[in-house]
Amino acid sequence: MQKELDKAWDELVVSVFKGSNRALYGSLLCSLELKWDETIPSAAVTSDMEILWNPQFFLGLPKETRKFILLHEIEH
């Protein structure tokens, strides 16, 4: 499953850097550390600049929904 997560995450990051707001979201994304966390139901950002994702939730989402949620979390 880790290989699938890594590939999906890399594709998601690339899509952020190709977006129209790439300067804003790309720089904010670079300041966050990804952590897979099965104890949360979906996704979150911590005050320690970590973005948390439940891996099963993440893999169950369509690519565009992953991007929407990521951008939403970055805005926090």
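Check the entry above for the structure.
Keep in mind it's a predicted model, so treat the numbers as computed, not measured.

1. Looking at the environment of Met 1
For step 1, the next point in the chain: Along the chain, Met 1 turns up in the segment before α1 (2–18).
For step 2, the next point in the chain: Distance from Met 1 to Glu 75, taken between C-alpha atoms, is 28 Å for residues 74 residues apart in sequence.
For step 3, the next point in the chain: Non-local contacts of Met 1, meaning those with residues more than four positions away in its chain, are made with Glu 38, Pro 55, Gln 56 and Leu 59.

2. Observations regarding unusual backbone geometry
For step 1, the next point in the chain: Of note, Met 49 is a non-glycine position whose phi angle comes to about 65 degrees, a positive value.
For step 2, the next point in the chain: If you trace the backbone, Met 49 turns up in the loop between β2 (43–45) and β3 (50–53).

3. Thoughts on the nonpolar core
For step 1, the next point in the chain: Counting 18 residues, the largest nonpolar core has Trp 9, Trp 53, Phe 58, Leu 70 and Ile 74 as the members making the most contacts within it.
For step 2, the next point in the chain: A per-element tally of this core places α1 first, with five residues.

4. Some details on the side chain of Arg 66
For step 1, the next point in the chain: Checked against the element boundaries, Arg 66 lands in helix α4 (residues 63–74).
For step 2, the next point in the chain: As a buried residue without a salt bridge, Arg 66 has its nearest oppositely charged side chain in Glu 11, at a separation of 5.3 Å.
For step 3, the next point in the chain: From its side chain, Arg 66 meets the backbone oxygen of Leu 59 in a polar contact 3.3 Å long.
For step 4, the next point in the chain: If we ignore the near neighbours within four places in the chain, the residues touching Arg 66 are Ala 8, Leu 12, Trp 53, Phe 58, Leu 59 and Leu 61.

5. Details of the packing of α1 against helix α2 (residues 22–30)
For step 1, the next point in the chain: Where α1 contacts α2, the two axes come as close as 7 Å, and the packing angle between them is 140 degrees. On the basis of the axis angle, α1 is oblique to α2. Residues Trp 9, Val 13, Val 16, Phe 17 and Lys 18 of α1 form the contact with α2, whose own contacting residues are Arg 22, Tyr 25, Gly 26, Leu 29 and Cys 30.
For step 2, the next point in the chain: Residues belonging to the contact of α1 with α2 are distributed by class as follows: seven nonpolar, one polar and two charged.

6. Things to note about the pattern of salt bridges
For step 1, the next point in the chain: Enumeration according to the criterion identifies four salt bridges in this entry.
For step 2, the next point in the chain: Here Glu 11 makes a salt bridge to Lys 63, at a shortest N to O gap of 3.5 Å. Remark: Lys 63 occurs in helix α4 and Glu 11 occurs in helix α1; sequence separation between them is 52 residues.
For step 3, the next point in the chain: Taking the relative accessible area as the measure of exposure, Glu 11 reaches 32% and is therefore partly exposed.
For step 4, the next point in the chain: Using a relative accessible area of 56% as the deciding quantity, one classes Lys 63 as exposed.
For step 5, the next point in the chain: Between Lys 35 and Glu 50 there is a salt bridge, and its shortest N-O distance comes to 3.1 Å. Here Glu 50 lies in strand β3 and Lys 35 lies in strand β1 (residues 33–36), a separation of 15 residues in the sequence.

Cut-offs and rules
- Residues numbered from 1 in each chain as written.
- Predicted model: local features only at pLDDT ≥ 70, side-chain atom pairs only at ≥ 80, totals over all residues.
- Heavy atoms only, no water.
- Helix = DSSP H or I, 4+ residues; strand = E, 2+ residues; numbered from the N terminus.
- Contact = heavy atoms within 4.5 Å.
- Core = buried A, V, L, I, M, F, W, Y, C linked by side-chain atoms within 4.5 Å.
- Buried < 20%, exposed > 50% of the residue type's maximum accessible area, 1.4 Å probe, protein only.
- Lys, Arg positive; Asp, Glu negative; His and termini not counted.
- Salt bridge = Lys/Arg side-chain N within 4 Å of Asp/Glu carboxyl O.
- Polar contact = N/O pair within 3.5 Å; in protein donor to acceptor, adjacent residues only side chain to side chain.
- Axes fitted to C-alpha atoms, helices over the stretch in contact; angles between N-to-C directions.
- Parallel < 35°, antiparallel > 145°, perpendicular 65-115°, else oblique.
- Nonpolar A, V, L, I, M, F, W, Y, C, P; charged D, E, K, R; others polar.

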